[in-house]
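# Remarks on the overall topology
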Amino acid sequence: MKKKITLIGAGNIGGTLAHLLLIKKLGDIVLIDVMQGMPQGKALDLSQSSAVEGFSNTIQGSNDFSKMKNSDVVIITAGLPRKPGMSRDDLLEINGKIIKKIGLDIKKYCPKAFVICITNPLDAMVYVLQKYSKLPSSKCVGMAGILDSSRMKFFLSEALKVSINDIQTFVLGGHGDDMVPMVNHTTVGGIRLLDFIKNKKIPMSKINKILDRTRMGGGEIVKLLQRGSAFYAPASSAIQIAEAYLLDQKKLLPCAAYLNGQYGLKKMYMGVPVIIGSNGVEEIIEVKLDANEKKMLRTSVKSVQGLVKAVDKILN
Ligand code: TXD
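Calculation criteria
- Residues numbered from 1 in each chain as written.
- Predicted model: local features only at pLDDT ≥ 70, side-chain atom pairs only at ≥ 80, totals over all residues.
- Heavy atoms only, no water.
- Phe/Tyr/Trp six-rings, centres within 6.5 Å; stacked < 30°, edge-to-face > 60°.
- Helix = DSSP H or I, 4+ residues; strand = E, 2+ residues; numbered from the N terminus.
- Buried < 20%, exposed > 50% of the residue type's maximum accessible area, 1.4 Å probe, protein only.
- Lys NZ or Arg CZ within 6 Å of the ring centre and 35° of its normal.
- Contact = heavy atoms within 4.5 Å.
- Near = heavy atom within 4 Å.
- Polar contact = N/O pair within 3.5 Å; in protein donor to acceptor, adjacent residues only side chain to side chain.
- 1 Å grid on protein atoms, 1.4 Å probe; cavity = no way out; pocket = protein on both sides within 12 Å on 5 of 7 lines; lining within 4 Å.
- Sits in = over half its atoms within 2 Å of the grid points.
- Nonpolar A, V, L, I, M, F, W, Y, C, P; charged D, E, K, R; others polar.

### Examining the packing of aromatic side chains
- Across all of its chains, the model carries four aromatic pairs by this definition.
- Look at Phe114 and Tyr245: their rings are 4.3 Å apart centre to centre, the planes differ by 15°, and that puts the pair in the stacked class. Residue Phe114 is found in strand 5 (residues 114-117), and its partner Tyr245 is found in helix 10 (residues 232-246); the two are separated by 131 residues along the sequence.
- Residue classification places Phe114 among the buried positions, given a relative accessible area of 0%.
- Plain terms: the ring middles of Phe154 and Phe155 are 5.8 Å apart, the flat faces sit at 55° to each other, and that makes the pair tilted.
- Phe155 gets classed as buried once you look at its relative accessible area, which sits at 8%.
- If you follow Lys101 out to its NZ or CZ, it ends over the ring of Phe65, 3.6 Å from the centre.

Written out as structure tokens, the structure reads:
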């Protein structure tokens, strides 16, 4: 039986998600958006690529939210993206209201789905989504860490002149400019990045520049594009989560997950390494942090908590 995957938001990321899901043959797709005609147009265009790409999965575009009924997976990108000069937090009120409504729809139409939120400000939006959908927290995650880590891997592979596939790293904390790139846990072909620094293969100053560029990675693209924000890498990153769930891959991925005591934090979403398999978030992995990482994480936690408090006030 083919899986049913609903994409709410058919904009830049939503359209790219649909394309990737079809090419990877992961399921039949429903593409929903408030814009009249647009999801239908993209669905028709994508359907017409099936003869060339050789997939037999279907895609249907709609403005009717009840079409998400009985979905196995839902991926949400609905809302507004950043404009140049805007921070992710500027989107709080408008996207908060959109996500609340989608949460209530999920509760009504597909309470058994595995749901991935992409809409910004990510950690606050996935919190709102879980709150109003009442999904078990293991079935509701946010995508950001895979993208942030992937950006860091790319910058490191360029600087070290090694294959990006040899670089293992992850980013902890909220999806904001105060995210915490984990230098101490970065390896290159199994060798610690710290050893590369110690052996003068790369100066610490260059690493610091890479960390800053990673933190500002989204803004760099917003500035270049002038209209909208990054969408290819965010879509690929979300597909990795969906694939891990649908194929029960037990992948260890940095995702925004609901914390209940881990990292000393409770009742909030934040980016941490988790194992994703057919049960959704199957485990949250805790890593040891040094004093500096702990300090940076505290700052990131404070920003997320501030956003959650503000969004609760707006939506109540
Ligand atoms: O790492 C991450 N999590 C992110 C998040 C990386 C990049 C971008 N990130 C955020 O994703 C971005 O800040 C936005 O909040 C979302 C979606 O980004 P995208 O680039 O896809 O934005 P678009 O192209 O503007 O698409 C959004 C669509 C658009 O077609 C609107 O008509 C639609 O959302 N929209 C809605 N759909 C359904 N329901 C409602 N209420 C709605 N409102 C707008």
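### Quick notes on the environment of Ile76
- Within the secondary structure layout, Ile76 lies in strand 4 (residues 73-76).
- Through-space distance from the C-alpha of Ile76 to that of Ile118 is 5.8 Å; in sequence the pair is 42 residues apart.
- Not counting the four nearest positions on each side in its chain, Ile76 is found in contact with Ile8, Ile99, Ile102, Ile106, Val115, Ile116, Cys117, Ile118, Thr119 and Leu129.

### Describing the site of the ligand
- Every one of the 27 residues lining the ligand counts as a neighbour, but Asn12, Ile13, Asp33, Ile118 and Met143 are closest to it.
- The contact in question runs from an oxygen atom of the ligand to an N or O atom on the backbone of Gly79, over 3.2 Å.
- In the model, an oxygen atom of the ligand is placed 3.0 Å from a nitrogen or oxygen of the Leu80 main chain.
- Given that more than half its atoms are within 2 Å of the pocket grid, the ligand belongs to the largest pocket.
- Elements with a contribution of two residues or more to the shell around the ligand: helix 1 (12-23) and helix 4 (92-109).
- Taken together, the residues that form the shell around the ligand break down as 16 nonpolar, 10 polar and one charged.

### Looking at unusual backbone geometry
- The amide bond that connects Asn120 to the next residue, Pro121, takes the cis arrangement and shows omega of -5°.
- By secondary structure assignment, the location of Pro121 is in the loop between strand 5 and helix 5 (122-133).
- If you check the backbone angles, Lys25 has positive phi at about 55° while not being a glycine.
- Summarising the element assignment, Lys25 is placed in the loop between helix 1 and strand 2 (28-32).
- Lys25 sits in the partly exposed class, given a relative accessible area of 49%.
- A positive phi angle is found at Asp248, which is not glycine, with a value near 50°.
- One can find Asp248 in the loop between helix 10 and strand 12 (251-260).

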